[in-house]
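Coordinates in review
These are the residues of each chain, in order.
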Amino acid sequence: MRQDVASFSAPTASGKRSSADGDLARPQRPSTSGAGVVDATMFATILDSMGQGISAFDASLRLLVFNRGYVELMDYPEGFLQVGMSYEEILRFNVGRGEYGLDDPESHIRERLAKARASEHLTSRLEHRRPNGTVLALRRTPLPCGGFINTYTNITQRKKAEESADRNAAILQATIDNMADGVRVFDKNLRLTMWNRQVFELFGFPADFAKIGTPYSTFLDYTIQRGDYGSDPDRETLDAKLARAKNPTARDIEQELPNGRIVEKRRNPMPGGGFVSTYVDVTEHRRAEQAMAKQAKELALASEELKRSNDELQQFAYVASHDLQEPLRMVGSYCQLLQRRYQGKLGADADEFIGFAVEGAKRMQRLINDLLLYSRVGTKGKPFAAMPMQQVLAGALANLAVAVEEAQAEITHDPLPTVWGDDVQLTQLMQNLLGNALKFRDELPVRVHIGIERDGALWRIRVQDNGIGIQPQYADRIFMIFQRLHTRQEYPGTGIGLSICKKIVERHGGRIWVEPAPTKGSMFVFTLPASGDTPCTEQA
Ligand code: ADP
């Protein structure tokens, strides 16, 4: 239960203490709060009911008045404070319990006594942090007849709030200091309240702008004079800028500064007015984008050029091989005529020479036929349609019937899918691969297995044989035109078959490669678009 403790004694003109029921209880002057006559008990009650702590000392620094608030805020033991006790006695008690820290207690006492004695001449506001963490604001008011009144207000909560606000501000400042972006904050009166070094570096603002309160217009004027907005920005534009800063909305713009740097500016209005702006130097980013766009354009031009020259080459190969056929047929047939008519009549050498000419003409015919076939893949292809691979395989095997028989081939396969493509070319593809498997054999019977695997929107088809195999270092070379790993004497051929396969597969949007077969022989793998999925368009 609360106990009234307010005690007082009226000061005399000489500063000496009088009886406990002195005149102080009765205000001598009219009260600004309009109070009437107050007796000592009422006065004590008023003092005790105050949230603040009150203590008054007379001119000789003896305790004149104190209230419960003072006892509680300062944690004085019950009965310790007595009207008439000296200020020094109270100080010594406080020093003894570590109220002012532990260092040099005498100097504390001296200092505080000196201040108290000087108090008639000054009104001071002090803050006292108690060892238990309570923070008291101390207000000292001199009394007319000497001495002073101390008022203690508990400001612990306010202090905590201030400290927490300071801490948050420090965290915020440290955060923006560590950001790569520049940051500026303007309050509702468009005065600078927060910033980081980066924004000054980015814009090259003078260092003396970096202080709280610098107006937004100072920055604006500076950038105008420097020419950030052109050599002669019209007044309207600038007024519009100021007006926008006064009523900010979220916005995001990019600006090239006179020094060539490109800055992305972002403005976010703050509740209650003002705005936060962040600035990112996007120069390198934009330069890289521009370089990439330029490269992409150059690449597009180059690939267009490549396509054009490829088309021309294709056309040339086609026309050349087509047109060469006729004179070659003539050379071939006249050589054969010579052979038939003059065989054994012109001597052994002549027979041999004519034999070479006939053989050469035949080989050239085969080469030109294959070349024509190759150039036709790109120029004479049919539109794509759903094609059962079973049908493709049957077509290829029919064309290879003699070779299959000769190789005693055993050709097996997984259940075959339907693909999306040109039936003639797909038959050609299978025929070339199976033909090679039969030709580059190592033992009889030749065994070929066609395996199937799904690969996303594609089918992956493997043609695996038990033939002579291919060394891995030749895996790329064999797909080039006219590239062979054997002489014609060892294995006949022109070296075009696999390049035709590659061209066909690529026209269908797939890929072809060779891998060593798991046991022996080789395994050609290619992918084709599955039918039923989004059909793939023909590749250029
Ligand atoms: P060609 O069959 O007319 O020689 P290809 O372009 O079809 O031309 O093949 C190129 C080369 O790849 C062949 O000469 C051969 O050395 C090698 N090759 C192709 N298929 C096979 C296979 N199934 N086994 C071993 N080698 C092969």
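Describing the overall build of the protein
Within the protein, the secondary structure is distributed over 14 helices and 18 strands. Relative to the globule expectation of 24 Å for 540 residues, the C-alpha radius of gyration of the protein, 52 Å, shows a markedly less compact shape. Overall, the C-alpha framework of the protein stretches about 165 × 65 × 45 Å when taken along its three principal axes. Evaluated residue by residue, the protein yields a buried proportion of 37% over its 540 residues. Relative to all contacts within the protein whose residues are 6 or more apart in sequence, the contacts with residues 24 or more apart total 54%. Carbon and sulfur atoms form 54% of the exposed surface of the protein, whose accessible area is close to 30900 Å².

A look at the sheet that holds strand β17 (residues 512-516)
Read from one edge of the open sheet, 5 strands run β13-β15-β16-β18-β17, paired in mixed fashion. A strand with exactly one partner marks an edge of an open sheet, and here the two such strands are β13 (410-413) and β17. Here the strands of the sheet are splayed against their neighbours by 20° on average, with no regard to which way each runs. Against the sheet, helix α13 (residues 423-439) makes contact with β15 (447-455), β16 (458-465), β17 and β18 (522-529), and its axis sits at roughly 170° relative to β18, the strand it touches most.

Digging into the nonpolar core
Counting residues in each nonpolar core, the largest one holds 41 residues, and the members touching the most others are M389, L429, M430, L433, L434, I461 and F526. Counting only elements with at least two residues in this core, the list comes to α11 (389-399), α13, β15, β16, α14 (497-507), β17 and β18. Of the residues forming this core, the biggest block, 7 residues, is contributed by α13. Look past the residues within four positions of L429 in its chain and what remains in contact with it is C501, I504, V505 and F526. Y76, Y87, L91 and L136 belong to the second-largest nonpolar core, a separate cluster that totals 24 residues.

Some details on the site of the ligand
Looking at the ligand, there are 21 residues lining it, with N436, D465, R484, G495 and L498 nearest. Measuring from an oxygen atom of the ligand, one finds a side-chain N or O atom of R484 at 2.7 Å. Between the ligand and G497, the relevant distance is 3.4 Å, taken from an oxygen atom to a main-chain nitrogen or oxygen of the residue. The fraction of the free accessible surface of the ligand (530 Å²) that becomes covered by protein chains is 98%. When contributions to the shell around the ligand are tallied by element, the ones reaching two or more residues are α13, α14 and β18. If one sorts the elements of the shell around the ligand by residue count, α13 sits on top with 3 residues. A class-by-class count of the residues in the shell around the ligand yields 9 nonpolar, 9 polar and 3 charged.

Some words on the environment of E515
Structurally, E515 is set in strand β17. Separated by 383 residues in sequence, E515 and N132 have C-alpha atoms that sit 82 Å apart. With residues up to four places along the chain from it excluded, the contact list for E515 reads S522, M523 and V525. In terms of polar contacts, E515 uses its side chain to reach the side chain of W513, at 2.8 Å.

Considering the side chain of E99
Mapped onto the elements, E99 comes out in the loop between α3 (87-96) and α4 (105-117). Apart from the residues within four sequence positions on either side, E99 is in contact with M74, N94, H128, R129, R130 and P131.

Details of the sheet that holds strand β10 (residues 262-269)
If you walk across this open sheet you meet the 5 strands as β8-β7-β11-β10-β9, and the pairing is antiparallel. At either margin of the open sheet sits one strand with a lone partner, and together these are β8 (192-195) and β9 (251-256). Mean inter-strand twist for the sheet, computed between neighbouring axes without regard to direction, equals 20°. In this structure, β10 lies alongside strand β11 (residues 275-281), joined through 7 bridges in antiparallel fashion. Among the inter-strand pairings, N268 is bridged to a residue of β11, identified as V276.

The rules behind each value
- Residues numbered from 1 in each chain as written.
- Predicted model: local features only at pLDDT ≥ 70, side-chain atom pairs only at ≥ 80, totals over all residues.
- Heavy atoms only, no water.
- Helix = DSSP H or I, 4+ residues; strand = E, 2+ residues; numbered from the N terminus.
- Rg over C-alpha atoms; globule rule 2.2 N^0.38 Å.
- Buried < 20%, exposed > 50% of the residue type's maximum accessible area, 1.4 Å probe, protein only.
- Contact = heavy atoms within 4.5 Å.
- Areas by Shrake-Rupley, 256 points an atom, 1.4 Å probe, with all protein chains shown as cover.
- Pairing = 2+ DSSP bridges.
- Axes fitted to C-alpha atoms, helices over the stretch in contact; angles between N-to-C directions.
- Core = buried A, V, L, I, M, F, W, Y, C linked by side-chain atoms within 4.5 Å.
- Near = heavy atom within 4 Å.
- Polar contact = N/O pair within 3.5 Å; in protein donor to acceptor, adjacent residues only side chain to side chain.
- Nonpolar A, V, L, I, M, F, W, Y, C, P; charged D, E, K, R; others polar.

So far we have only geometry, and geometry alone does not tell us how the molecule works.
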